[in-house]
Amino acid sequence: KSEGRTFIRSQNVGWGNLILDDIAFIDDETHESFSSTEIKVDDVFLNITGASIGRSAIADKRVENGNVNQHVCIIRTNSKTLHQKFLNYFLLSKNGQKQVDSFQSGGNRQGLNFGQIKTFQIPVPPSIAEQTAIATALSDADALITSLEKLIAKKQNIKQGAMQKLLQPKEGWVVKKLGEIGECIIGLTYSPDNVKESGILVLRSSNIQNGSLRYDDNVFVDSQVPEKLINQENDILICVRNGSRDLIGKCALIKGKAIGETFGAFMCVFRSSFNDFVFRVFQSDIIKKQIDEHLGATINQITNGSLNSFGVPFPPIEEQQHIATILSDMDAEIEKLQQQLAKYKMIKQGMMQNLLTGKIRLV
């Protein structure tokens, strides 16, 4: 239903937070038939089936008097002996997740039952005051992380607005096809036998996050790589084939440690002397619209022929440099904030490890 009592499903339970942008509702009659699952403020939600097993969150006023479905367990504690937020942080900790995983055999997420949940071993400080102090410290860390995430989102929205304005064609601009100003190069094909612990890094779609290169999920090969497939500074790395249509066209500029490495067959690079500017166009709706027009009905890929036909509005060289500089400065500011965010998240993980195991006491 579009209104009524909130109905919490597994997708509404995040890693410590409620996700309510896709919320379902039930009517009072249905609610009465499931009165045992009525939500109270400070209930702890724990996902017990599916790929999201182990995610937990705290109920607040927004979902009070609603219900949960069969994929979500309500854990209701005695607030005088076990602080709800302390429990929530424990469930999200390495120790908590390890106990969740202990009931999942061979990587198969089979689910949790109430009996298994009741066996969880929770190291609890002797006083509710210390539990509260730990929960407060971790909540403060969460608030700092959330604040920074909102600032990053704001900066990214400002950048998108600036791109729309700066890249709007003006008098004196000329539309050129990518094939006229540069070259699209399809990436390296390799076999599983070529994958090694070390060697040459093969950049893939997973190495592109928010328009920048990341190195959290890497593949190395011992293949002989043609000179043409060796990354050059300012190449634009583009995802041209993927199981998800939404990932087609995501891109990053080759800089730093990526220079001299290579890229996979589901990727391509666009190589030209105008890439400082062209990269900004790839991040705009100008290229996204053309990608959508060229994607097949069933095959999620764009060919070299399609890429070469894409039109790019070109200003005079001085204006290209000016636009690229403005947007590059914005990117640098966002990247700095993202690095700061990653640092805060690591600090919070350290806090959880120390505070929830008793290594550091707040007494």
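Owing to the predicted nature of the structure, the values given are computational and were not obtained by experimental measurement. (Residues numbered from 1 in each chain as written. Predicted model: local features only at pLDDT ≥ 70, side-chain atom pairs only at ≥ 80, totals over all residues. Heavy atoms only, no water.)

1. Thoughts on the packing of helix H2 (residues 84-92) against helix H3 (residues 94-101)
Between H2 and H3, the shortest axis-to-axis distance is 4 Å and the interhelical angle comes to 65°. Between H2 and H3, the contacting residues are Phe-90, Leu-91 and Leu-92 on the first element and Lys-94, Asn-95, Gly-96, Gln-97 and Gln-99 on the second. Classifying every residue of the contact of H2 with H3 by side-chain character gives three nonpolar, four polar and one charged. (Axes fitted to C-alpha atoms, helices over the stretch in contact; angles between N-to-C directions. Helix = DSSP H or I, 4+ residues; strand = E, 2+ residues; numbered from the N terminus. Contact = heavy atoms within 4.5 Å. Nonpolar A, V, L, I, M, F, W, Y, C, P; charged D, E, K, R; others polar.)

2. Describing the pattern of salt bridges
Scanning all chains against the criterion turns up 15 salt bridges. Close ionic contact of Asp-22 with Arg-9 constitutes a salt bridge, the shortest N to O distance being 3.7 Å. Highlighted residues: Asp-22 in the loop between strand S1 (5-8) and strand S2 (24-26) and Arg-9 in the loop between S1 and S2, separated in sequence by 13 residues. Asp-22 sits in the partly exposed class, given a relative accessible area of 44%. Relative accessible area serves as the criterion here: at 19%, Arg-9 is assigned to the buried category. Close ionic contact of Glu-64 with Lys-61 constitutes a salt bridge, the shortest N to O distance being 3.4 Å. (Salt bridge = Lys/Arg side-chain N within 4 Å of Asp/Glu carboxyl O. Buried < 20%, exposed > 50% of the residue type's maximum accessible area, 1.4 Å probe, protein only.)

3. Remarks on the state of the cysteines
Scanning the model with the defined rule gives zero disulfides in all. Take Cys-239: it sits in no disulfide, and the sulfur closest to it among the cysteines is that of Cys-268, at 9.3 Å. (Disulfide = S-S within 2.5 Å.)

4. Brief notes about the sheet that holds S2
One open sheet accounts for three strands, arranged S2-S1-S5; its pairing is mixed. Pairing within the sheet leaves two strands with one partner each, and these edge strands are S2 and strand S5 (67-68). Bridging between S1 and S2 involves three bridges; their strand directions are antiparallel. Looking at the pairing, Thr-6 lines up with Phe-25 of S2. (Pairing = 2+ DSSP bridges.)

5. Examining the packing of aromatic side chains
Scanning the model with the defined rule gives three aromatic pairs in all. Aromatic side chains Phe-274 and Phe-314 sit 5.6 Å apart centroid to centroid with 80° between the ring planes, which places their arrangement in the edge-to-face category. Of this pair, Phe-274 sits in the loop between strand S17 (267-272) and helix H7 (275-282) while Phe-314 sits in strand S18 (residues 311-314); the two residues are 40 residues apart in sequence, bridging distant segments of the chain. Between Phe-277 and Phe-314, the aromatic rings sit 5.5 Å apart at their centres with planes inclined by 50°, giving tilted as the arrangement. One end of the pair, Phe-277, is in helix H7; the other, Phe-314, is in strand S18, and 37 residues separate them in sequence. The burial state of Phe-277 is the same as that of Phe-314; both residues are buried. By way of ring pairs, the aromatic residues Phe-274, Phe-277 and Phe-314 are connected into one cluster. Between Lys-176 and the ring centre of Phe-314, over which it is positioned, the NZ or CZ distance is 5.5 Å. Seen from the ring of Tyr-215, Lys-257 lies directly overhead, with NZ or CZ sitting 4.3 Å from the centre. (Phe/Tyr/Trp six-rings, centres within 6.5 Å; stacked < 30°, edge-to-face > 60°. Lys NZ or Arg CZ within 6 Å of the ring centre and 35° of its normal.)

6. Details of the sheet that holds strand S8 (residues 182-186)
On the basis of which strands lie adjacent, the open sheet formed by four strands has the order S8-S17-S14-S15 and antiparallel pairing. Each edge of the sheet is formed by a strand with only one pairing partner; in this case those strands are S8 and strand S15 (251-253). Ignoring strand direction, the axes of neighbouring strands in this sheet form an average angle of 20°. Packed on one face of the sheet, H7 meets strand S14 (236-239), S15 and S17 and runs near 160° to S15.

7. Brief notes about the nonpolar core
Leu-178, Ile-236, Ile-238, Phe-270, Val-278, Phe-282 and Leu-307 are the most contacted members of the largest nonpolar core, which has 30 residues in total. Of the residues forming this core, the biggest block, five residues, is contributed by H7. (Core = buried A, V, L, I, M, F, W, Y, C linked by side-chain atoms within 4.5 Å.)

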